[in-house]
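Results of the structural survey
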Amino acid sequence: MKKDYKYYHYGNQTKMTCFLILCFSIFINANASVVINNDALNNKNTTQVQEIIIGVVTDANGQPLPGASIIEKGTKNGTQTDFDGKFSIQTFGENAVLVISFIGFTKKEVPVTKQTTNLTISLEEDTAQLDEVVVIGYGSARKGDLTGAVASISAREIEDLPDPNLLNQIQGRVAGLTITNSNFTPGDSPSILIRGKNSITAGNEPLIILDGIPYSGSISTINPNDIETFNVLKDASSTAIYGSRGSNGVIIITTKAGKTGRPKVTYNASVGFNSIIQKLDLLNAEQYVAFRDFNGTLQPSEQANLASGNITDWQDLVTRTAIQQEHSLGVSGGTEDFSYYLGLGNLDQEGIVLGQEFRRTSFRFNGTYTITDWLKIGTTNQITEEDFGDQGDVNLRNTIRISPLGTPFNSDGSQTFYPITEDEFFANPLDPLLTQDTRVRRQFVNNAFVEIKAPFVEGLSYKLNYGRSELRDDRDRFEPTTSEAGANIGGGRARRRNRNIINSTTENILNYDRQFGDHHLGLTALYSFQRITLEESNMEGRGFVNDQLGVNGIGSGEIVTVSTPYERETLISQMGRLNYDYKGKYYLTATVRRDGSSNFGDNNKFGVFPSVALGWTITKEDFAQDIDWLNFLKLRVSYGENGNQDISPYSDLTQISNRYLDAYDNNRELFLNYLSNNEQATGFAPAVLGNPELAWEATKTFNFGLDYSLLDGKVSGNIEYYSSTSDGLLLNRQLNATQGFSSILQNIGEVENKGLEINVNVKPIQTENFNWDIGFNFFTNKNKIVKLADEFTDDIANGWFIGEDIDSNFNFVGDGVLGTQAEIDASATPDAALGDRAFKDIDNNGFIDDKDRAIQGSRTPDFTLGINNNLAYKNVTLSFLIYTVQGVTEANGVLDPRSYLNDRANYANLDYWSPDNTDATSPRPDFEARNSEYFQDKSFIRLKNITLGYKFNQDLIDKIGLSGLNLYVTGNNLWTQTDWSGFDPESTGTSRTAANGDANPSFKTVVFGLNLSF
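Note that this is a predicted model, so its numbers are computed, not measured. (Residues numbered from 1 in each chain as written. Predicted model: local features only at pLDDT ≥ 70, side-chain atom pairs only at ≥ 80, totals over all residues. Heavy atoms only, no water.)

Observations concerning the overall build of the protein
Scanning the protein from terminus to terminus reveals 14 helices and 49 strands. Out of the 1014 residues belonging to the protein, those deemed buried represent 52%. For the protein, contacts bridging at least 24 residues in sequence account for 71% of all contacts bridging at least 6. Of the roughly 44700 Å² of accessible surface on the protein, 53% is carried by carbon and sulfur atoms. (Helix = DSSP H or I, 4+ residues; strand = E, 2+ residues; numbered from the N terminus. Buried < 20%, exposed > 50% of the residue type's maximum accessible area, 1.4 Å probe, protein only. Contact = heavy atoms within 4.5 Å. Areas by Shrake-Rupley, 256 points an atom, 1.4 Å probe, with all protein chains shown as cover.)

Encoded structure:
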C-alpha cells in the first residue's frame, strides 16, 4: 500500500524523536539514584545530617540570581535558587563545602559547619565565561569575540516581556538591530536587518543559528519561553566564522538546558485582548454623497440605503477585539552527568481582522549526557505545528474602497455578492469568509552532537554537529459557487499546495584551548556541509459540477493545471580561527573561511573571507589603576570580509519556460501552448540568460568599538562605529531585446554603508527596597550607491541613483493645489484644470517633464532610539520601553485620490478642492495626473511596552508548595505619536499599499498573566 506522502517523512522524524526521548529517559532512570530526596535523607544516619542551611545568592550589586546551582562538593546532593535567589539545602558531613555556580559568573566554594545556618553569597562576573555564552560560534572561542561587536539578551529579559512573537519582544532593545512589522497578521514574522542594507537585490536578512546549527525556519515558530539567550553578532570579526552566510549579521539563539539539582517546573499563562490602533479616516455617508457630484449620481440601491439610513462602517464591520491566550510548561533538572529540559507551549491568537486565526503548538526536548570525562553527547529537538485557520481573510482592499451606502447582508442574513447591486466592480469584502482556506505548517528540528576531549593532548577536543530540519507547509483553498469569487470563475476553484523544505547540516569542529602562563591560545578548525532541498506540488482545478468534494475534487475540474517546482542548493565550508590574549589585556582574533556555493557560476563557486580583530583592555594598564571612577575600558578594532550567496538557485544557468504570468492575475500562470498539425502542443520561450562568471557579493567592513564601565558600574555601555563597502553586487544589466533576453544577472554594483551605535546603561538608584535601571540604545545608519553598471549612470527605472540611498524616493515634486486660474497661469502646467495638483518645475524650463522628478527623502531612518526603564520597589516591578524611528519618508496611497472616485470607490477624508474650497490642500477627487506620488513623513514615537508586576513573598508561597509566583499586566503599543495617515507607520508599503488594503492594520494589546514555579 502506498504511503501518504503528506505524512510519511514527518512520521519518520517523529519516530526518531520518540527514540531519542526514550534513550534519555533511560539515562534519567539510570541516574535517578544519585538525586537524593528527603526520604533518602531520612534513611541516612541522622548524625551525618546537619541543620537545614538557607541562604541567598546575588550578583556583585546585590541583585538576586534565580536558577543558580548549589551542590554539596563531592556528592550529588544539590538544589537551585528560586526567583528571589533564595535556597535551602541539607548537607552530609561536619565539614561540607557548597559549590555555587551560575552562567556568566565565577564559581564559588563556601565551607559550612554545624554553626552555619544562613548564608549570603555574592558571585562575581566571569568575563571569560560570558564570552562563551555570548559568542557561541562553534563553541570554543574563549574571549575571542570580545574584540567583535556582540549584543545579548538573556532569558530573564525575554521572560519579562510577554509577547507571542520573540522579535516583538526584542524590538527597540538592541542598537543596530532593526525589526519591522511590515504586516501585523498573526503568525507573520517581522523583517530583520542588522546594520542596514548591504545589497540591492540579494538577501539582506541575517543568518539564524539555533542551538549551533543554521536555522531556515521562521523565528515566529520558536516558543519564546524556551529561549535561554538571544545573541546578535554585528561586525565582520564576529560573523566571519560563518563566512558567506554571515554577511548580513548573525543571530544566535540558544534554548534552555537543564541544571544540576532536583527537577524544576515552570508554568506561564496569559490572556490578552487586541484592538485596532487606528482606522483610516474615510468619507462618511454624507461626505460620500457630496463628492458624488464630481462623478455622476448614486446608484438606486445607494439612494435607497441613504433614504432608509442603512449606513455601513466597513472598517468596523470587518474588525474586532481579538483574544489571545498562551500557556507554556517547562521541566528541567539533572545531575552532574545528565541534564534535561522539556518544554510544551500552546498559543491561540485571533486576528483583529475577521478570518485571521493563528494557533501554535510546540514541543521541545533538550538533553546532554556526559558518558565519561572525555565523551559527551547531546541533542536538542523541536516540533512545531502552526495552524492559520480554515477560512479566508477579509478583503481589506474592498473594505477601504466600498461605498458606505452598500449592503453587506441579504434579508435572510446571507452575504451579498455585490453590496451595490448595480455595480459588480467591488465584491463584498466579507466574501473570502465563504471560502475554505486551510494552511498548516509543521516543522521538525533535530540537532545532535558528540564531543570528544582528547585525553592525550590537554585542551584538544573534537565535536561533531548534525542538524536536520524539515518544514512542511500545506495549504488548501476552495472557492465554492456560493462565494462571489467561485461563482465569477464559473463552477468554483480549488487549489492545493504542498511544500517540503529539508535543511541538513554536518559540521566537524576541532578545538584547541590552552593557557600557557600569561598567554591564552585558542585554535578552531571547521569543515561543514549544508544542503537545502525544496520540493513542491501545486494543483488547481476550475469548473466543478458541484461544491461537494471541495479541494479533494480537483481532478474532476473542467480545467486542471499542475506544477512541481524543485530546488536544491549546497554549501561546503572550511574555516580556521586563532584566538590569543596576553594577561587578559591584549587580544587578537584572526579568522579565514572558505565557502563554496552551488548558486554561482562554474568559474566562481568558491570564495575566501578573512578577518582580523584586536582588543586592548586599557584599565588593566598600570597608568589606569589610580582612576577611581573608571572601572573598565576596552578598545576594539576589527576588519573583515564576508560574502553574500543569498540568491535563487540556478541563477547562473540559462533557463526556458513553458508558461507566463497572466496579465490580469499575477497569481495565475498561463501555458505557452500552440497549434501543431491542428493539435495543441506545449511551447517554450527563453526566460533567463545564464552567466557562468556569476560570483559572490563581497562586503568589507571596518569596526571600531569602545566598552566602558564607570562609577562602580552605575554607568556602563559601549560605542560602535562601522564602515562597510559591498562590491560585485548582483544586479540585472539591461540587454537589447533583439538578443532574446531583456537582462542578465551580473556582479556590477557597489554600495557603501556607515553607522554609529551607542548603548548607555545607567543605575541612578540602587537601594535595599528601590532600584531603577535605565537603558538607552541609539542607532544611525547611512548607505549610498557607489556604482551600478558604472560609476556615472543611474538606474532611473528601478529608482537607484549614484551617491544616494538604496531606498530613495524618486518622483515628481508636489507643490500644492492649483486653486485658481491665476495660479494655473503662473504654473508650469498652463493646460491644467482648476483643482489639479501643482508640481515644481525643477529645471525651470517652463513645463513639467521627466527631468522634473527628484529624490524626496528615503525609506531608511535617520536614526532609531530605544529607552528602557526598569523600576522595582520591594515586590512591585514596573518596566516600560519607548521606541522611536525618525527621518523616514514614504509614499502614502491614502493621500492619493486619483482614479478611485471615478470607479465609484470611497476614499480618504481629505481637504479636497472644490469651487467652494479653493484653498484646499488636496486636489479635487477626480484628479488624474502623471505618475506622481504623495510622500509623507513616517517618523513615530511609540510606547512599545509597559509591564506592571508583583512577586509574592517566598514565605507566603512556600506554604502552598511553590518556589516562585509572579503576576503581571502588560500593554503593547498603547500609545503612538505620528503624522502618518496610514494604518501604521511601521507597515511597509509603496504608493498604494495602505490604499489598496495590502497592509494589515496594527493592534494594541493588553495582557494579563502569571508565572509560577515549583
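Quick look at the sheet that holds strand S2 (residues 69-72)
On the basis of which strands lie adjacent, the open sheet formed by 4 strands has the order S3-S2-S5-S6 and antiparallel pairing. Since the sheet does not close on itself, it has two edges, and those belong to strand S3 (78-80) and strand S6 (108-111), each with one partner. Taking each pair of neighbouring strands and ignoring which way they run, the sheet shows an average axis angle of 20°. Here S2 runs beside S3; their pairing, made up of 3 bridges, is antiparallel. Within the sheet, the bridge partner assigned to Ile71 lies in S3 and is Gly78. (Pairing = 2+ DSSP bridges. Axes fitted to C-alpha atoms, helices over the stretch in contact; angles between N-to-C directions.)

Comments concerning the confidence of the model for the protein
When pLDDT is averaged along the protein, the result is 84, and 87% of the positions lie at 70 or above. Taken element by element, the predicted model of the protein shows its lowest mean pLDDT in helix H2 (residues 38-43) (36) and its highest in strand S19 (residues 375-387) (95). Across residues 127-133, confidence stays below pLDDT 50; counting only partners more than four residues off in sequence or on other chains, it has 17 contacts. Here residues 989-997 is modelled with pLDDT under 50, and outside its nearest four sequence neighbours on either side it reaches 31 contacts, counting other chains as well. (pLDDT = per-residue confidence, 0-100.)

Structural notes on the sheet that holds strand S4 (residues 86-89)
The 3 strands lie next to each other as S4-S1-S7, forming an open sheet whose pairing is mixed. Two strands lie at the open edges of the sheet, namely S4 and strand S7 (118-122), each paired on one side alone. Strand after strand, the sheet turns through a mean of 25° between neighbouring axes, direction not considered. Bridge count between strand S1 (residues 53-58) and S4: 4 bridges; the pairing is antiparallel. When the bridges of S4 are listed, Ile53 appears paired with Ile89.

Things to note about unusual backbone geometry
Glycine aside, a negative phi is what most residues show, and trans is what most peptide bonds show. Its identity is not glycine, yet Asp211 carries a phi of approximately 55°, on the positive side. If you trace the backbone, Asp211 turns up in the loop between strand S11 (207-210) and strand S12 (213-214). Positive phi outside glycine occurs at Leu711, with the angle close to 55°. Mapped onto the fold, Leu711 is located in the loop between strand S35 (697-710) and strand S36 (715-734).

Quick notes on the nonpolar core
One recurring pattern in soluble globular proteins: nonpolar side chains tend to sit buried together. Counting 22 residues, the largest nonpolar core has Leu166, Ile170, Leu177, Phe230, Ile251 and Ile253 as the members making the most contacts within it. Elements with a contribution of two residues or more to this core: strand S8 (150-154), helix H5 (166-170), strand S9 (177-180), strand S10 (191-194), S11, strand S13 (227-233) and strand S14 (250-255). Beyond its immediate chain neighbours, meaning those up to four positions away, Leu177 contacts Ile170, Ile192, Leu193, Ile194, Phe230, Val232 and Ile251. (Core = buried A, V, L, I, M, F, W, Y, C linked by side-chain atoms within 4.5 Å.)

Comments concerning the pattern of salt bridges
Counted by the stated rule, this structure contains 40 salt bridges. For Arg320, the salt bridge identified is with Glu357, shortest N-O distance 3.3 Å. Taken together, the residues span a long stretch of sequence, with Arg320 in the loop between helix H9 (314-318) and strand S16 (322-334) and Glu357 in strand S18 (residues 357-372) at a distance of 37 residues. The class of Arg320 is partly exposed, set by a relative accessible area of 23%. Where salt bridges share partners, they join Asp437, Arg475, Arg477, Glu479 and Arg493 into one cluster. (Salt bridge = Lys/Arg side-chain N within 4 Å of Asp/Glu carboxyl O.)

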